[in-house]
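# Tertiary structure, described
As a plain string of letters, each chain reads:
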Amino acid sequence: MKTTLAKMTKKIIIALLFPAITQAADCVQVFYDRGPSDYWIGHANAVFMQNLLGHFPHLQQIVEPIENYKKGDLNRCKASIYIGTHFNTAIPEVFHTDYMETTKNVAWLGYGIWKKPELLQKVFNYRYDKLTTLDTTRLDQSAKPTYFKWIDYKGERFKKFGEWSVTTPRFFHAPFEMSALSPLDMVNSQTQILAVAEHNGTSERLPYILRNQNHFYVADSVFSYMHESDRYLIFSDLIFDILNEKPRHKKKYAVMRIEDVHPMIKNETLALISSTLKKLQVPINISIIPFYYDSLKYDDRPAKESFMPASQRPNFVAWIKDLQAQNATFIWHGVTHQYSKIKNPHTGASGDDFEFWNARTNRAIGEDSAKYVVDRMFIGAKELSKVNIHPYIWITPHYQASAVDNIVFSHLVPWSMGRMIYQNVHLKSALPSHSKSTWFTDADLAKQKARLNKLSGISLETTSPWSGQLFPYEIYGDVYGQRVLPENLGNVQPKQNDQVVYPRTADEIIADAKRNLVLRDVWASYFYHPFLFEVPETLRPEHLPAGTAVRTWADFDGDTREMERVVVELKKMGYEFINIEDFARQNVDVLRPEPKVNWGNMNQ
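This text gives an overview of the structure that appears in the document. Just so it is clear, the structure is predicted and the values come from calculations on it, not from any experiment.

Conventions used here
- Residues numbered from 1 in each chain as written.
- Predicted model: local features only at pLDDT ≥ 70, side-chain atom pairs only at ≥ 80, totals over all residues.
- Heavy atoms only, no water.
- Helix = DSSP H or I, 4+ residues; strand = E, 2+ residues; numbered from the N terminus.
- Contact = heavy atoms within 4.5 Å.
- Phe/Tyr/Trp six-rings, centres within 6.5 Å; stacked < 30°, edge-to-face > 60°.
- Lys NZ or Arg CZ within 6 Å of the ring centre and 35° of its normal.
- 1 Å grid on protein atoms, 1.4 Å probe; cavity = no way out; pocket = protein on both sides within 12 Å on 5 of 7 lines; lining within 4 Å.
- Points joined across faces, edges and corners; volume = space filled by probe spheres on them.
- Nonpolar A, V, L, I, M, F, W, Y, C, P; charged D, E, K, R; others polar.
- Buried < 20%, exposed > 50% of the residue type's maximum accessible area, 1.4 Å probe, protein only.
- Disulfide = S-S within 2.5 Å.
- Patch = residues over 30% accessible without salt bridge, like charges linked within 9 Å, V, L, I, M, F, W, Y side chains within 5 Å.
- Areas by Shrake-Rupley, 256 points an atom, 1.4 Å probe, with all protein chains shown as cover.
- Salt bridge = Lys/Arg side-chain N within 4 Å of Asp/Glu carboxyl O.
- Core = buried A, V, L, I, M, F, W, Y, C linked by side-chain atoms within 4.5 Å.
- Arc of directions from axis to C-beta.
- Pairing = 2+ DSSP bridges.
- Axes fitted to C-alpha atoms, helices over the stretch in contact; angles between N-to-C directions.
- Parallel < 35°, antiparallel > 145°, perpendicular 65-115°, else oblique.
- Left-handed = near helix turned anticlockwise from the far one by under 90°.

We now examine the environment of Leu-470. Relative to the helices and strands, Leu-470 is located in the loop between β26 (467-469) and β27 (475-476). Setting aside residues up to four positions removed in sequence, Leu-470 forms contacts with His-227, Glu-228, Tyr-232, Leu-233, Arg-419, Glu-487 and Asn-488.

Per the stated rule, a full pass over the model turns up 39 aromatic pairs. On the basis of an interplanar angle of 20° and a centroid distance of 5.9 Å, the ring pair of Phe-316 and Trp-319 is categorised as stacked. Of the two residues, Phe-316 and Trp-319 both sit in helix α7 (residues 314-324), three residues apart, roughly one turn of that helix. Three or more aromatic residues link up through ring pairs in this structure, and these residues are Phe-31, Tyr-69, Tyr-82, Phe-95, Tyr-99 and Trp-108. Against the face of Trp-164 rests Arg-170, its NZ or CZ located 4.2 Å from the ring centre. Over the ring of Phe-158 we find Arg-515, and its NZ or CZ is 5.9 Å from the ring centre.

Moving on: empty space enclosed by the protein. By the definition in use, this model includes two cavities of 30 Å³ or more. In this structure, the largest cavity spans a volume of roughly 40 Å³. Taken together, Thr-396, Tyr-399, Asn-406, Ser-416, Met-417, Arg-419, Met-420 and Ile-421 make up the full set of residues lining the largest cavity. Residue assignment for the lining of the largest cavity shows that the elements contributing at least two residues are β22 (415-417) and β23 (420-422). Tallied by class, the residues present in the lining of the largest cavity amount to four nonpolar, three polar and one charged. What the second largest cavity holds in volume is close to 40 Å³. Considering the residues around the second largest cavity, the lining is formed by Ala-44, Val-47, Phe-48, Tyr-422, Gln-423, Asn-424, Ser-464, Pro-465 and Ser-467. The dominant element in the lining of the second largest cavity, judged by the number of residues it contributes, is helix α2 (residues 41-53), at three residues. Among the residues making up the lining of the second largest cavity, the classes are represented as five nonpolar, four polar and no charged.

Residue Pro-345 is reached from Asn-344 by a cis peptide bond, and omega for that bond is 0°. Not every positive phi belongs to a glycine, and Asp-260 is a case in point at roughly 60°. Look at Asn-388: it is not a glycine, yet its phi comes out positive at around 60°. Within the fold, Asn-388 resides in the loop between α8 (370-386) and β21 (393-394). Asn-388 gets classed as exposed once you look at its relative accessible area, which sits at 51%.

For the structure shown, the criterion picks out one disulfide. Shown here is the disulfide that connects Cys-27 with Cys-77, its sulfur atoms set 1.9 Å apart. Disulfide Cys-27 to Cys-77: torsion about the S-S bond roughly -100°, handedness left-handed. Of the two residues, Cys-27 is situated in strand β1 (residues 25-32) and Cys-77 in strand β3 (residues 77-84); the sequence distance between them amounts to 50 residues. Neither residue differs from the other here; Cys-27 and Cys-77 are each classed as buried.

Together, Val-166, Val-501 and Tyr-502 make up a nonpolar patch on the protein surface, roughly 280 Å² of accessible area in all. For Val-166, the location among the structural elements is in the loop between β10 (163-164) and β11 (172-173).

This part is about the environment of Gly-490. Examined against the element boundaries, Gly-490 turns out to sit in the loop between β28 (483-485) and α11 (506-515). Gly-490 has contacts with Glu-228, Arg-419, Arg-504, Ser-525, Tyr-526 and Phe-527, leaving out every residue within four places of it along the chain.

A word on the pattern of salt bridges. Evaluated as defined, the whole model comprises 39 salt bridges. As a salt-bridge pair, Asp-152 and Arg-157 come within 2.7 Å of each other at their nearest N and O atoms. On the basis of relative accessible area, Asp-152 is assigned to the buried category, the value being 18%. As a salt-bridge pair, Glu-594 and Arg-592 come within 3.8 Å of each other at their nearest N and O atoms. Its relative accessible area of 57% is what places Glu-594 among the exposed residues. Each of the salt bridges in this network shares a partner with another, and the network as a whole consists of Asp-152, Arg-157, Glu-198 and Arg-205.

This part covers the nonpolar core. Most often, soluble globular proteins have nonpolar side chains that are buried together. Ranked by internal contacts, the top residues of the largest apolar core, which has 158 residues, are Phe-235 and Ile-239. At nine residues, the largest contribution of residues to this core is made by helix α5 (residues 232-243). Once you skip the residues sitting within four places of it in the chain, Phe-235 turns out to touch Met-49, Leu-52, Ile-81, Leu-109, Val-218, Val-222 and Ile-242.

Another point: helix α4 (residues 117-124). All of the buried residues along α4 are Leu-119, Leu-120, Val-123 and Phe-124. The buried residues of α4 occupy an angular sector of 95° when projected down its axis, which confines them to one face. More than 90 degrees from the buried face of α4, the exposed residues found are Pro-117 and Lys-122. Looking at the residues trailing α4, positive phi occurs at Asn-125, about 60°.

Quick look at the pairing of strand β16 (residues 252-261) now. Of all 10 residues in β16, 10 are buried; the element is thus mostly enclosed. Of the strand pairs in this sheet, β16 and strand β29 (residues 524-528) are connected by five bridges, and their pairing is parallel. Across the sheet, Ile-258 pairs through a bridge with Tyr-528, a residue of β29. As paired strands, β16 and strand β17 (residues 285-288) are joined by two bridges and run parallel to one another. The partner of Ile-258 across the bridge, within β17, is Ile-286.

Where α8 contacts helix α9 (residues 403-412), the axes come no closer than 9 Å and their chain directions differ by 45°. Between α8 and α9, the angle is such that the two are oblique. The two elements α8 and α9 cross, and the hand of that crossing is right-handed. From α8, Ala-370, Val-373, Val-374 and Met-377 reach across to α9, where they touch Val-404, Asp-405, Val-408, Phe-409 and Leu-412. Counted by class, the contact of α8 with α9 contains eight nonpolar, no polar and one charged residues.

Have a look at this one:
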């Protein structure tokens, strides 16, 4: 009797958490590997997929462990995606059968496909041969191990990440594992090879993406080691076909922003930023930090300048007014963009350090809570209002904050921008519904009290390490509820230093933007730091000896010709630089429905 009662109780709980869907609807299903109790990667990959699906806000997301699959589930929605990340997942036999027989669109990503050999043969007329490995005996020209690095798609070549670890000696980071498949009798096959992988050591080529009508197979899990030219971007385009969705835009959007602009930026640098942006004739976007704080006196400044609110520096206020007259967008970029009176981890000064994340311990700051974030941002919002800035877009300093923080950000500012950090979470409280009443479009004290009442109770625990994700297009609701404007091309970083592990050039930004032209709805979004406008007087071209070769940013900062070249090249490609705040305001009422998710360990 006790056993029967326990089973009934379990079914009731599951029904409440995950109501059944009995007919096909405008929805999409994501199945993931729950795996052992300490396994978090399957959940994390499902989160990444949910975020990407946020580009299609009319679709109801349904997320569930593959272990819970029941016969006929693939027919519930217009499309389903299974992400295989764990080699030993017990995939229900009925899923294999339904995958072969369904008339709905269905995609299988990654591993486990070898457990049912007839599936590949029946659906695609292919066989599974092996899992590819890292070749440590055949090195490339940079003395790095080789693997199936290159992925060719629609005439462009994408690439998987591959670099030596900067912290662990002789450890090579690369997503080198993928399913090696061989064709069988292809004479009468309808299977298409949509993308091909090529080994950068042997030049061997293998199918990477297969399609046979409504069936898709991708040879690995696309969310590991995402970067600006990764095969993940191929999947971000393929998902339109899996969902049978049309692009949302007719144009390719471009956005350039100037990052980390605080009240103590030199006057001549501010002037050069203004003149350069005017010359480029593109919409002006400034990521502004309302308070400058040099907590450890890192910069050589008078003591009275170690803390400077934006409203207290007249030249900075005048510069803001001048750009506002030109319809510039000011994007809110932290309150001080540093934390406490410590190096976190660099200098303790605004623009250098993390604000909402302890970079020294790689975890949330000690006082982290929903209330802490709401209170701190209220201080920043009040200061921005003094210079007539009412932010519509938020960028988290160094893109890193806790899960609680990101949920709170989604309630305080209409849009976030940039790359996002995610962790698997277990909610300890219900999440409040989103409302415009909590936005920091003004700094009214009465509204602040209402914000605190609504948001301070948010509580959760994280159950995984953090992982990052970039987006090639806008997202109308990630798992935290944030609308996200993309930053997918990075920033020019000509020199390696303690803050730059991998330098990045203007040529790389141009090359990635060109490659991405084959992708639907893709943006070209990137940024520059103010130090690239600072030219040492002795290195200005007019002061160099006659006959001296023209230098580039690899030699010195401040020559804006490279910046101009990027803009010109993107325009030639057909990208249109847009007013990012106009876009944000025009699309602010679009938000995907609340996903129906099952992260539990109970079997249905």
